[in-house]
Amino acid sequence: MSEFILGVDLDNVCADYTAGFRNFVASELKVDKAELGPITAWGYQEWGLDDEQFKDLHSKAVSQGLHRNLPIVEGAADALWRLSDAGIWIRVITHRLYTNWSHEKAVSDTVAWLDKHRIPYRDLCFLGAKPQVEADIYIDDAPHNVTGLRNAGNEVITFDQPYNKDLEGLRANNWVEAEEIILSQAAKSKGVQSQLPGIDPGADRLDRKKSSN
Ligand SMILES: [Mg+2]
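In what follows, the accompanying structure is described.

**Some thoughts on the environment of Ser84**
Then, in step 1: Within the secondary structure, Ser84 sits in helix 4 (residues 76-85).
Then, in step 2: Between the alpha carbons of Ser84 and Ile5 there is a distance of 9.9 Å; along the sequence they are 79 residues apart.
Then, in step 3: Not counting residues up to four positions away in its chain, the partners in contact with Ser84 are Ile90 and Pro120.

**Some words on helix 4**
Then, in step 1: When you tally the buried positions in helix 4, you get 7 out of 10 residues, the bulk of the element.
Then, in step 2: Among the residues of helix 4, those classed as buried are Ala76, Ala77, Ala79, Leu80, Trp81, Arg82 and Leu83.
Then, in step 3: Gly87 sits one or two positions beyond helix 4 and adopts a positive phi of about 100 degrees.

**Some remarks on the nonpolar core**
Then, in step 1: Grouped together as the largest cluster of nonpolar side chains are 43 residues, with contacts concentrated most on Leu6 and Cys14.
Then, in step 2: Take this core: its biggest share by element is 6 residues, from helix 4.
Then, in step 3: Counting only domains with at least three residues in this core, you end up with domain 1 (4-14 + 72-205) and domain 2 (17-69).
Then, in step 4: Excluding residues within four positions of it along the chain, Cys14 makes contact with Val8, Ile72, Val73, Ala76 and Ile119.

**Let's talk about the pairing of strand 1 (residues 4-9)**
Then, in step 1: Of all 6 residues in strand 1, 6 are buried, a share of seventy percent or more.
Then, in step 2: Side chains of strand 1 alternate between two faces, with Phe4, Leu6 and Val8 and Ile5, Gly7 and Asp9 buried alike.
Then, in step 3: In this structure, strand 1 lies alongside strand 2 (residues 88-94), joined through 6 bridges in parallel fashion. Pairing of Gly7 across the sheet is with Arg91, part of strand 2.
Then, in step 4: Pairing geometry for strand 1 and strand 4 (residues 137-140), over 3 bridges, is parallel. Looking at strand 4, one finds that Val8 is bridged to Ile139.

**Observations concerning the sheet that holds strand 1**
Then, in step 1: In spatial order, the strands read 3-2-1-4-5-6; together these 6 strands make up an open sheet with parallel pairing. Two strands lie at the open edges of the sheet, namely strand 3 (123-126) and strand 6 (171-172), each paired on one side alone.
Then, in step 2: As paired strands, strand 4 and strand 5 (residues 156-159) are joined by 3 bridges and run parallel to one another. In the sheet register, Asp140 faces strand 5, and the bridge partner there is Thr158.

**Regarding unusual backbone geometry**
With the exception of glycine, the majority of residues adopt a negative phi angle, and the majority of peptide bonds are in the trans configuration.
Then, in step 1: At Asn12, a residue that is not glycine, the phi angle is positive and equals roughly 65 degrees.
Then, in step 2: In this structure, Asn12 sits in the loop between strand 1 and helix 1 (17-29).
Then, in step 3: Notably, Lys30 is not glycine yet its phi reads approximately 55 degrees, a positive angle.
Then, in step 4: The class of Lys30 is exposed, set by 6 C-beta atoms lying within 10 Å.

Rules and cut-offs
Residues numbered from 1 in each chain as written. Predicted model: local features only at pLDDT ≥ 70, side-chain atom pairs only at ≥ 80, totals over all residues. Helix = DSSP H or I, 4+ residues; strand = E, 2+ residues; numbered from the N terminus. Contact = placed C-beta atoms within 7 Å. Buried ≥ 20, exposed ≤ 12 C-beta atoms within 10 Å, placed from the backbone. Core = buried A, V, L, I, M, F, W, Y, C linked by C-beta atoms within 7 Å. Domains from an automatic or database assignment. Pairing = 2+ DSSP bridges.

Here's what the structure looks like:
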């Protein structure tokens, strides 16, 4: 049986980029974090940053380990473990090679972050401009990625963020909803099995296995 592949985006889907970037911008510009509110339109104009300023601050943040230290989005690791147990192939897709000169840092910090948060994955794809790799369903937050993928004929779940409310179609407000949608799409398409009895769910299984040895 061929695998059902989930293409999962990292920033603002698994990793809370906005929270990490907010901390960085607040300390860099010496403003109160409370002044940096929710981002309701793609880009960071609402924080007073034009494209150039955003790129500069983003590059600086990446060079200082932003990706390594981002908080995880609630429920992401547990949901991905359960999906993986159900036989779904997890393909992590990220557009973090967006800035020049910091690729080594972006890649190594991404891998370290995935390990630290026990995210299961079988492939890790770093993409430039194109939104697409081969996957049966995608989950992404960026309006241009969701639209680009859909226009190319792909099934895409929008991971809810304040700046993507206008997008219609499949939407998950959190990882509980995302897991449900992915399982039902996978079941429709390939007949994926649910988790085998006797196997502990959850991302801490490696730790628990180690400690019980
Ligand atoms: Mg994203």
